[in-house]
Amino acid sequence: MLPRRAPTQWWRGVDHVARKGRTAGRDTAAADALHVLVATADDERRLRLRQVLRARGLVVLMAGDGPSVVDTLSHSRVDLVLLDGEHMPPDACRVCRAIRRLPGGANLPVLLFADVADQRLIRRGFSAGATDVVWRPLVDAALVHRMRYLVRNSELLSQFAALVRASPDRVYRFRRRGEGFDVLAHEVLVQSGGVTQEVAAVGARMGRRAQDDVREHMHRALRTGRRQEISFAIDFGEEGDARHGRGRREFEMRLVAGGPDEGLAFVRDITARRRVEGLNVRLARALDQSSNALVILDGETLRIQHANRSLVESHGGPVDDLSVFDLVPPEHRRALEDAIAQVRTGSGDECAWSRMLRRNDGKRFPVDARIQAWEDEYGRILILNLQDAT
């Protein structure tokens, strides 16, 4: 008979797992919860706010004066500062300015609160950089919802700032003023706002016609709510510009409405792109007007993808969708197949071929041909350069 074993206390293991799960859940919840710094010298108010905010699931940090606010922000995660406008030494507005000067403090939500709706404090608070102002009596649920809203807006602004900095575009804000507009560098890039030197310098060099076109597209963007696009050129002269260089530069502007009277302008320097496009156009025109017949074949099917005007005229009709073998008399096709096989199999990058081509009317004429293979990320092509050897 087997010895009797003590009953297994299986619930201990389950309880251990459950405790781990609850601990992990609390850790995750703490990481996801808003971290609020309550900054006030009033002990009673500080304890009351901590009790209210903790009951709503927020992580609360405390500070009693300006230096402790700066120290906490430098060493701890803070999503929002709840700043007492009346009981905060040395002065709530000075503390707010100090917050804005800290690394990462430019977009940190600062919610200023006071006992009464003091208009002077409201004006000074917003001038110092406060995100919003509330006053007593503070409704617990409304206060927490407002804080969550401000934090979410701050996150969206930070994401937008990252997109702006990563974009090759310069971003400007335009506001309607009578029949004209104020154009400002976006505050994401220039915290001081106002008409910056860059905007003024570019505007001074724009021609009257370009200015009128931009102004009309701004009106149209605000009137229709649809994106507007415009291109214009600016001559920066021989002395040039620190950002844009010298000479003529071309720009592309996209305008979107951000409200009934203001919007955003995204401006990109497209000078290099236009130069490449112009070079491609001139190159294509030169190849099309060449006295040699030029043919581009699909590297797999050997069907004609493009032929210049000389080949079309020599063939006596369109060559679209023809195979290269349709241009050659039957008795010369095998020789052409062998020549193409040399470059297709990689035994040679190019080869020469001298035979006859056939016109659309059946007549033949001798050609000296050079066949080249070209392969890139878009696939493989064959280029035939045909010279009439008559």
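Everything below is about the structure printed above this text.
Source: prediction; values computed, not measured.

Bringing empty space enclosed by the protein into the picture now. This structure, assessed with the given rule, holds 1 cavity of 30 Å³ or more. Approximately 30 Å³ is the volume attributed to the largest cavity. Elements that contribute at least two residues to the lining of the largest cavity include exactly helix 10 (309-315) and strand 13 (350-358). If you tally residues by element for the lining of the largest cavity, the top one is helix 10, at 3 residues. Looking at the lining of the largest cavity residue by residue, the class counts come to 4 nonpolar, 2 polar and 1 charged.

So, about the side chain of Ser 310. Mapped onto the elements, Ser 310 comes out in helix 10. For Ser 310, the side chain forms a polar contact with the main-chain oxygen of Ser 291, separated by 3.0 Å. Contact partners of Ser 310, with chain neighbours within four places excluded, come to Asp 288, Ser 290, Ser 291, Asn 292 and Ala 293.

Bringing the pairing of strand 13 into the picture now. As paired elements, strand 13 and strand 14 (residues 364-376) share 9 bridges and run antiparallel to each other. Note that in strand 14 the partner of Trp 353 across the bridge is Ala 369.

The final tally for this structure, using the stated rule, is 23 salt bridges. Between Asp 43 and Arg 46 there is a salt bridge, with its nearest N and O atoms 2.4 Å apart. Of the two residues, Asp 43 and Arg 46 are both situated in helix 2 (residues 43-55); the distance of 3 residues between them amounts to about one turn of the helix. Residue class for Asp 43 comes out partly exposed when judged on its relative accessible area of 48%.

What follows concerns the sheet that holds strand 4 (residues 110-114). Here we have 5 strands laid out as an open sheet, ordered 2-1-3-4-5, and parallel in their pairing. One side of each edge strand has no neighbouring strand; the edge strands of this open sheet are strand 2 (59-63) and strand 5 (132-135). When the angles between neighbouring strand axes are averaged without regard to direction, this sheet yields 25°. As paired elements, strand 1 (residues 35-39) and strand 2 share 5 bridges and run parallel to each other. Bridging from a neighbouring strand, Val 38 pairs with Met 62 of strand 2. In the packing of helix 4 (residues 92-101) onto the sheet, the strands contacted are strand 3 (80-84) and strand 4, and the crossing angle to strand 3 comes to about 160°.

Cut-offs and rules
Residues numbered from 1 in each chain as written. Predicted model: local features only at pLDDT ≥ 70, side-chain atom pairs only at ≥ 80, totals over all residues. Heavy atoms only, no water. 1 Å grid on protein atoms, 1.4 Å probe; cavity = no way out; pocket = protein on both sides within 12 Å on 5 of 7 lines; lining within 4 Å. Points joined across faces, edges and corners; volume = space filled by probe spheres on them. Helix = DSSP H or I, 4+ residues; strand = E, 2+ residues; numbered from the N terminus. Nonpolar A, V, L, I, M, F, W, Y, C, P; charged D, E, K, R; others polar. Polar contact = N/O pair within 3.5 Å; in protein donor to acceptor, adjacent residues only side chain to side chain. Contact = heavy atoms within 4.5 Å. Pairing = 2+ DSSP bridges. Salt bridge = Lys/Arg side-chain N within 4 Å of Asp/Glu carboxyl O. Buried < 20%, exposed > 50% of the residue type's maximum accessible area, 1.4 Å probe, protein only. Axes fitted to C-alpha atoms, helices over the stretch in contact; angles between N-to-C directions.

Everything listed is a geometric property; what it means functionally is a separate question.
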